[in-house]
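# Architecture and fold: a report
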Amino acid sequence: MKNHKDLLVKALQLPENDRAEMVDELLKSLRETDTKIDEQWKREAEDRVRAYKKGEIEAVSVEEIISKYKAK
């Protein structure tokens, strides 16, 4: 691979979910981990899974979310 532009061209050919995951990983590499914030997000995720299993919230597909924001 010659440079970052070559990598970008290839990355842009990936499916949206893969590109989003790649962006997340790249952003993580640019900042130091704040363990306090990471712990808060972990608790939030666990709370949401618990609420989903109890039937308190419903799941929404990633396709629905993407189409909602593309429409704006």
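Summarised in this report is the structure supplied together with it. The structure presented is a predicted model; accordingly, all values stated were derived computationally and were not measured. (Residues numbered from 1 in each chain as written. Predicted model: local features only at pLDDT ≥ 70, side-chain atom pairs only at ≥ 80, totals over all residues. Heavy atoms only, no water.)

### Some words on the overall build of the protein
- If you tally the helices and strands in the protein, you get four helices and zero strands.
- Seen in sequence order, the protein has helices and strands lined up from the N terminus as α-α-α-α.
- Taking 11 Å as the expected radius of gyration for a compact globule of 72 residues, we find that the protein reaches 17 Å, considerably beyond that expectation.
- For the C-alpha atoms alone, the extent of the protein along its principal axes is close to 50 × 35 × 20 Å. (Helix = DSSP H or I, 4+ residues; strand = E, 2+ residues; numbered from the N terminus. Rg over C-alpha atoms; globule rule 2.2 N^0.38 Å.)

### As for a nonpolar patch on the surface
- Taken together, the side chains of Val23, Leu27 and Leu30 make up a nonpolar region of the molecular surface, amounting to roughly 320 Å² of accessible area.
- For Leu27, the position within the fold is in helix 2 (residues 16-30). (Patch = residues over 30% accessible without salt bridge, like charges linked within 9 Å, V, L, I, M, F, W, Y side chains within 5 Å. Areas by Shrake-Rupley, 256 points an atom, 1.4 Å probe, with all protein chains shown as cover. Salt bridge = Lys/Arg side-chain N within 4 Å of Asp/Glu carboxyl O.)

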